[in-house]
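Tertiary structure, described
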Amino acid sequence: MSKKTFASAPKPKQPTDDQILAFERGGTGHDTKEAVPTRPKPVQEEPTKRLSLDLPASMHTRFKTACSATNRKMVAELQAFIEMRTRELEDEAGISHK
């Protein structure tokens, strides 16, 4: 077997001042699209339970795409919906919630 020799990795070229300025003006961190504010995560004071849900693939894709397009998390949207709907059902049933 022959020995293999490894050369050191090439060093990257230093960017010019013009390249640095161009990056600072339009590079990372200068997005033009405003992010949609999301609800802050609640402080978890109690244990959580997992909920599994079977959806048709097309509905899952639509929901995931809509959440992504509006910069929202799927889980946050589902939690908000469940909270809203639970309050409606509790009101209908006359259940008081502390």
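Just above, that's the structure.
Here the residue numbering is sequential within each chain, running from 1 through the sequence in written order. The predicted nature of this model means local features are confined to residues of pLDDT at least 70 and side-chain atom pairs, given and counted, to a pLDDT of 80 or more, with totals for whole chains, interfaces and linings taken over all residues. The basis for every side-chain value is the complete set of heavy atoms in the structure, and neither hydrogens nor water enter the calculation.

Another aspect to go through is the overall build of the protein chain. Helix and strand definitions follow DSSP, with helices as H or I runs of at least four residues and strands as E runs of at least two, each counted in order from the N terminus. Along the protein chain, the regular secondary structure elements total three helices and zero strands. Each helix and strand of the protein chain, ordered N terminal to C terminal, gives the series α-α-α. Categorising residues by exposure relies on relative accessible area from a 1.4 Å probe, with only protein chains included: less than 20% of the type maximum marks a residue as buried, more than 50% marks it as exposed, and the intermediate range marks it as partly exposed. Scored against the burial criterion, the 98 residues of the protein chain give a buried share of 3%. Reported accessibility uses the Shrake-Rupley method at a 1.4 Å probe radius. Residues are deemed covered only where the shown protein chains occlude them. Total accessible area computed for the protein chain in this model is approximately 10500 Å², and 55% of it derives from carbon and sulfur atoms.

Between helix 2 (residues 57-69) and helix 3 (residues 74-93), the least distance of the axes is 9 Å, while the angle of their chain directions is 105°. On the basis of the axis angle, helix 2 is roughly perpendicular to helix 3. Residues H60, F63, K64 and C67 of helix 2 lie in contact with helix 3, whose contacting residues are M74, E77 and L78. Each axis is a line fitted through C-alpha atoms, and for a helix only the stretch in contact is used; angles between axes span 0 to 180 degrees, taken between their N-to-C directions. With respect to orientation, any angle under 35 degrees is reported as roughly parallel, any angle over 145 as roughly antiparallel, any angle of 65 to 115 as roughly perpendicular, and every other angle as oblique. Residues are treated as being in contact if the distance between any of their heavy atoms lies within 4.5 Å.

Here the expected length of a helix is defined as 1.5 Å per residue gap, with one fewer gap than residues. Here helix 3 is 20 residues long and its end C-alpha atoms lie 28 Å apart, about the 28 Å a rise of 1.5 Å per residue gives. Downstream of helix 3 by one or two residues, G94 has phi in the positive range, about 75°.

Moving on, we come to helix 2. A rise of 1.5 Å per residue sets the reference length of helix 2, with its 13 residues, at 18 Å; its end C-alpha atoms lie 18 Å apart and thus fit the reference within 8%. Note on helix 2: the residue one or two positions beyond its end, N71, has a positive phi of about 60°.

A pairing counts as a salt bridge when a side-chain nitrogen of Lys or Arg comes within 4 Å of a carboxyl oxygen of Asp or Glu. One pass over the full model with this rule turns up three salt bridges. Across the pair R72 and E77 runs a salt bridge whose closest N-O atoms are separated by 3.4 Å. With a closest N to O distance of 3.0 Å, E88 and R85 form a salt bridge. Note that E88 and R85 are positioned in helix 3 at a spacing of three residues, about one turn of the helix.

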